[in-house]
Amino acid sequence: TQLLEQSPQFLSIQEGENLTVYCNSSSVFSSLQWYRQEPGEGPVLLVTVVTGGEVKKLKRLTFQFGDARKDSSLHITAAQPGDTGLYLCAGRSYNTDKLIFGTGTRLQVFP
Amino acid sequence: GAVVSQHPSWVICKSGTSVKIECRSLDFQATTMFWYRQFPKQSLMLMATSNEGSKATYEQGVEKDKFLINHASLTLSTLTVTSAHPEDSSFYICSARDLKRSNTEAFFGQGTRLTVV
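Residues numbered from 1 in each chain as written. Chains lettered and ligands numbered in written order. Predicted model: local features only at pLDDT ≥ 70, side-chain atom pairs only at ≥ 80, totals over all residues. Heavy atoms only, no water.

1. As for the interface of chain B and chain A
Contacts between the two partners involve 20 residues from chain B and, on the opposite side, 20 residues from chain A. Taking both partners together, chain B and chain A bury about 1,500 Å²; carbon and sulfur atoms supply 54% of that area. For the pair chain B and chain A, the interface holds one salt bridge. With a closest N to O distance of 2.5 Å, A:Lys98 and B:Glu59 form a salt bridge. Where chain B touches chain A, the interface holds five residue pairs in polar contact (both at pLDDT 80 or more). Breaking the side of chain B that touches chain A down by element, the ones donating at least two residues are strand S4 (32-38), strand S5 (44-51), strand S9 (90-97) and strand S10 (106-108) of chain B. (Contact = heavy atoms within 4.5 Å. Buried area = accessible area lost by both parts, 1.4 Å probe. Salt bridge = Lys/Arg side-chain N within 4 Å of Asp/Glu carboxyl O. Polar contact = N/O pair within 3.5 Å; in protein donor to acceptor, adjacent residues only side chain to side chain. Helix = DSSP H or I, 4+ residues; strand = E, 2+ residues; numbered from the N terminus.)

Structure (structure tokens):
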């Protein structure tokens, strides 16, 4: 069974702080995606990383795919209250092509 | 980006009745759609993969007779929760892949909150 563990599960910080969310697995994925989900809505795609070691930046968000394509990280610089939400990583299985979701990280940024 | 629309956004039904949820890809063709279930404060769990013109593939532990999936066209998949019970109350989310746009990205609908009373 492919599992994607995210850490931390919960994160509560003040506006302006930096944070990193980790997504780890023992399985190799063909690609990995990060989503943000707000209550009562579907996940919204933030980024897709495909190549091992790849780094992508989206304004204050930096995403990295591990060299072995088993793990990923999301770093947010100078967090803002608008960043509050549930962050989900999701890996696409080589074998089944299914998207496997991580356990999720709930972020709350206080003004 | 590609748009996936779910309907209804929320539904309340009586125990024992059936509920149909629609998932439409509005501006692209989706040969494959996926149905997920999400319990409060938890992640998304894949229920089944819906392929246009063929039977859906269900994940282990998901009852195919209870969660009927039909993918009759390249833009529409439906999930019917039959003989619903309170434990079926959950947030149901569909996603679709646009193979012309990218073979890695999946776009999600806004979800349907089902409450069975």
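2. Structural notes on the sheet that holds strand S3 (residues 19-25) of chain B
Residue and element names in this part refer to chain B. Spatial ordering of the open sheet is given by S1-S3-S8-S7, a layout of four strands whose pairing is antiparallel. Two strands in the sheet have a free side with no partner beyond their single neighbour: strand S1 (4-7) and strand S7 (67-73). In this sheet, adjacent strand axes meet at a mean angle of 15° when their direction is disregarded. Bridging between S1 and S3 involves four bridges; their strand directions are antiparallel. Within S3, the position partnered with Val-4 by the bridge is Ser-25. (Pairing = 2+ DSSP bridges. Axes fitted to C-alpha atoms, helices over the stretch in contact; angles between N-to-C directions.)

3. Things to note about the environment of A:Val47
Residues and elements named next belong to chain A. Mapping Val-47 onto the fold places it in strand S5 (residues 44-49). Separated by ten residues in sequence, Val-47 and Lys-57 have C-alpha atoms that sit 8.9 Å apart. Excluding anything up to four places from it in sequence, Val-47 contacts Leu-32, Gln-33, Trp-34, Lys-56 and Phe-63.

4. Some points on the pattern of salt bridges
Residues and elements named next belong to chain A. Tallied over the full model, the rule gives six salt bridges over all chains. Here Arg-36 makes a salt bridge to Glu-38, at a shortest N to O gap of 3.3 Å. Relative accessible area serves as the criterion here: at 34%, Glu-38 is assigned to the partly exposed category. Between Arg-60 and Asp-83 there is a salt bridge, and its shortest N-O distance comes to 2.9 Å. Separated by 23 residues along the polypeptide, Arg-60 in the loop between strand S6 (55-58) and strand S7 (61-65) and Asp-83 in the loop between strand S8 (71-76) and strand S9 (85-93) bring together distant segments of the chain. Residue classification places Asp-83 among the buried positions, given a relative accessible area of 5%. (Buried < 20%, exposed > 50% of the residue type's maximum accessible area, 1.4 Å probe, protein only.)

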